[in-house]
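Residue-level listing of the chains:
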Number of protein chains: 2
Amino acid sequence: MSIQTPHNTLLIPGPIEFDDAVLQSMSHYAESHVAPGFVKVFGETLTLVRKVFQSTNPAAQPFIIAGSGTLGWDLVSANLIERGENALVLNTGYFGDSFGQCLETYGANVTHLKAPIGDRSSLEEVEQALKEKSYKVITLTHVDTSTGVLSDVKGVAQLVRRVSPETLVVVDGVCSVGSEEIAFDEWDLDAVLTASQKAIGCPPGLSIVMTSGRAIQAAQSRKTPPSSYYASIANWLPIMKNYENNKASYFATPPTQLVHALHTTLTQITVDVPARFAIHAKVSDKVKAAVAELGLKQVASRPECQAHGMTAIYLPEGLVPADVLPGLLKRGVIFAAGLHKEIATKYIRFGHMGVSVTDPKRGDIDNALTALKEALTEAKQAKGL
Amino acid sequence: MSIQTPHNTLLIPGPIEFDDAVLQSMSHYAESHVAPGFVKVFGETLTLVRKVFQSTNPAAQPFIIAGSGTLGWDLVSANLIERGENALVLNTGYFGDSFGQCLETYGANVTHLKAPIGDRSSLEEVEQALKEKSYKVITLTHVDTSTGVLSDVKGVAQLVRRVSPETLVVVDGVCSVGSEEIAFDEWDLDAVLTASQKAIGCPPGLSIVMTSGRAIQAAQSRKTPPSSYYASIANWLPIMKNYENNKASYFATPPTQLVHALHTTLTQITVDVPARFAIHAKVSDKVKAAVAELGLKQVASRPECQAHGMTAIYLPEGLVPADVLPGLLKRGVIFAAGLHKEIATKYIRFGHMGVSVTDPKRGDIDNALTALKEALTEAKQAKGL
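Calculation notes
Residues numbered from 1 in each chain as written. Chains lettered and ligands numbered in written order. Predicted model: local features only at pLDDT ≥ 70, side-chain atom pairs only at ≥ 80, totals over all residues. Heavy atoms only, no water. UniProt positions renumbered as here; feature names shortened; annotations may be inferred. Pairing = 2+ DSSP bridges. Helix = DSSP H or I, 4+ residues; strand = E, 2+ residues; numbered from the N terminus. Contact = heavy atoms within 4.5 Å. Axes fitted to C-alpha atoms, helices over the stretch in contact; angles between N-to-C directions. Domains from an automatic or database assignment. Buried area = accessible area lost by both parts, 1.4 Å probe. Salt bridge = Lys/Arg side-chain N within 4 Å of Asp/Glu carboxyl O. Polar contact = N/O pair within 3.5 Å; in protein donor to acceptor, adjacent residues only side chain to side chain. Nonpolar A, V, L, I, M, F, W, Y, C, P; charged D, E, K, R; others polar. Buried < 20%, exposed > 50% of the residue type's maximum accessible area, 1.4 Å probe, protein only.

By the naming in an unreviewed UniProt entry, chain A is alanine--glyoxylate transaminase, taken from Penicillium roqueforti. Its UniProt record gives chain A a comment under Sequence similarities (unreviewed entry), which states: "Belongs to the class-V pyridoxal-phosphate-dependent aminotransferase family."

Spelled out as structure tokens, the structure:
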């Protein structure tokens, strides 16, 4: 029996449903952040982050910091780029806009290469943009939570190494790490930032960032100091290195309970990382087929740019989210409303990540698809459609 | 019976022991950060923060953000002061040094008024310093966790209003909020920053900042934009206002489980805020008397500058923390080693905050005092002292 009070199933693109063991770790008794027991757990958790990223390069460096996913943007923007340098944002929705604002806050000159809603820019367009200016950093949102558009991280990274090898490749993986394949070393990425509450399956409150040796080098060879204290790589680097070497170290008190929960979920995930990506792809295919069968279109237009951890679904003409979400809730299922400003009233978002996908005994996905079908029928009838 | 696995009693100056109900809130099932249930809890939690600060002025504004206490320094430094403006740091230990570094990161000209170890500057010295320059901000560490020195927040605030009324009074209350009296409105403070894991009695992972109308006004009338995105008051202000008005709003995903835990502990604390300060003062007096009876001196020299939530205790000549802490641990009690660089090997720190103080049935304080006496005797015998 679950330790969790019976509740509606949370199938939004994060936070997601939690495994009992993860929630149990959240109520770990009080521990000193510098006691041997916690130091070991934090150190192991950092090592587990490497595994999720399929990284074995010792020059790569994971960071786990108390904060929301958003803090990862500050970590990148405050350390990897200096005032007046150029950043190219491959923009596939809401989160590209915001990442750009964060980069500008730290003085970057930001160019947005904006794809049409539901699509991503082609490699040819990216190549063209890269040739027009010298960019210190290129950013891409692996999965834009607002649209469910999947970026071609591997393809873009290869392209960058070919045409602009010094440019740092930064991936916003908030909605992808744990559900989409990422081979950090093999793809030669420089930073992937994420949060705990999406496909990683831990409650929100942790900013997790993986960086390459090249990125650390860029942070360390800045001409100007970073203009953030809490998001300074220089302040956190010795802490992360020490904990992973089983040595206590202090810059700010780590969120001990959340770190325990992260340790628990990463231990589960890293049993078989490729299998985790495969099951997310398989369940995603099933969801997308069911959505098509209902006669519905996805916001992400082409199959190759559709995420595997969420599906953004256009509603039938004449319906808005408020017509359908209550019918889902009545059936015990929570989806999210639209988020992209220009189309917000036209679509809903279904998150299929973590235990809802990996534990078929829960029946979450089948129940959700049945509920979606019924709620849509009901809503159409109510509107006389 | 407690839900917690039997464990050694954590009596360091944070994190501290947790009430069962608080830990139970940490394992709350998955919830959307914009669902009505969570919006209500977050909104109420913000209102409870006002109560802890005994504040009823609607112009005052609480912030609750995923992060360590350190993030509060960034919130102050990035928003309340501009590049080239002056900050006066009343420095009573380790945390004054670090707050100064954070202010400098954001371009402030920092002057430290450094008290001797274990003491605080007199009001006359502060007045003298305030008359030498025009300061945008004055900061003081209410309780310096490294030394247990208590600052005279009320006295300094009164002084500032008299001799430099435009200067913003900023209090680092990481080790004081919940154990030391703070009357935010009455004392006319501008910002008090704290964290969840000390006298507030919640697991670490939340930065909590209370600001005055004057502080918000200063942030909003800046000539230059703040150079932080995640620590920008402009980005968070509408979110906090909306949640407290029971409206969902998005800038970054709040740490839903930690917010539940904070709600639980603040509900307990705000039943009677003055009574909470009184019990901490009473238990602190008892600890200090017992320490004196053992023939030991405190790092905080004079009674009026001794904190009520912790005691920093000089060890007898010839002993270092590593001689005594294992003896305490053997008896189920965890104290902290010294932290202040110049005297680190000479003292230990005993945190007496939260449930260990407010729930005498636990016997935490009495057990700790007995353990301290025994561990000292044992250590002296072992060293032939």
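### A word on the sheet that holds strand S13 (residues 336-337) of chain B
Within a sheet, neighbouring strands are paired by backbone hydrogen bonds and run either parallel or antiparallel to one another. All names here are of chain B. The sheet built from 3 strands is open, its strands ordered S11-S14-S13 with antiparallel pairing. What marks the edges here is a single partner per strand, and that holds for strand S11 (310-314) and S13. Bridge analysis of S11 against strand S14 (residues 347-351) gives 5 bridges, and the strand direction is antiparallel. Bridge assignment links Thr-311 to a residue of S14, and that residue is Phe-350. Each of S13 and S14 is contacted by helix H11 (residues 321-330), which is oriented at about 35° to S14, the strand it contacts most.

### Description of the domain arrangement of chain A
Bring the parts together and some accessible area is lost; that lost area is often taken as the interface size. Residues and elements named next belong to chain A. Per the domain assignment, the segments of chain A are domain 1 (9-17 + 272-383) and domain 2 (20-270). Computed from C-alpha coordinates alone, the two centres of domain 1 and domain 2 are separated by 27 Å. In this complex, domain 1 contributes 30 residues to the contact, which on the side of domain 2 involves 31 residues. Between domain 1 and domain 2 the total buried area reaches about 2,500 Å² when both faces are included, carbon and sulfur atoms providing 60% of it. Seen at the junction of domain 1 and domain 2, the total is 1 salt bridge. Its salt-bridge partner being Arg-302, residue Asp-119 comes within 2.5 Å of it at the nearest N-O pair. Linking domain 1 with domain 2 are 14 residue pairs in polar contact (both at pLDDT 80 or more). Among the elements that make up the side of domain 1 that touches domain 2, the one with the highest residue count is helix H10 (residues 273-293) (5 residues). Per-class residue counts for the side of domain 1 that touches domain 2 are 17 nonpolar, 7 polar and 6 charged.

### Structural notes on the pairing of strand S8 (residues 168-172) of chain B
Residue and element names in this part refer to chain B. Taking burial as the measure, the 5 residues of S8 include 5 buried ones, the bulk of the element. The alternating pattern of S8 places Leu-168, Val-170 and Asp-172 on one face and Val-169 and Val-171 on the opposite face, and all of these are buried. The pairing of strand S5 (residues 137-141) with S8 spans 5 bridges and is parallel. Note that in S8 the partner of Ile-138 across the bridge is Val-169.

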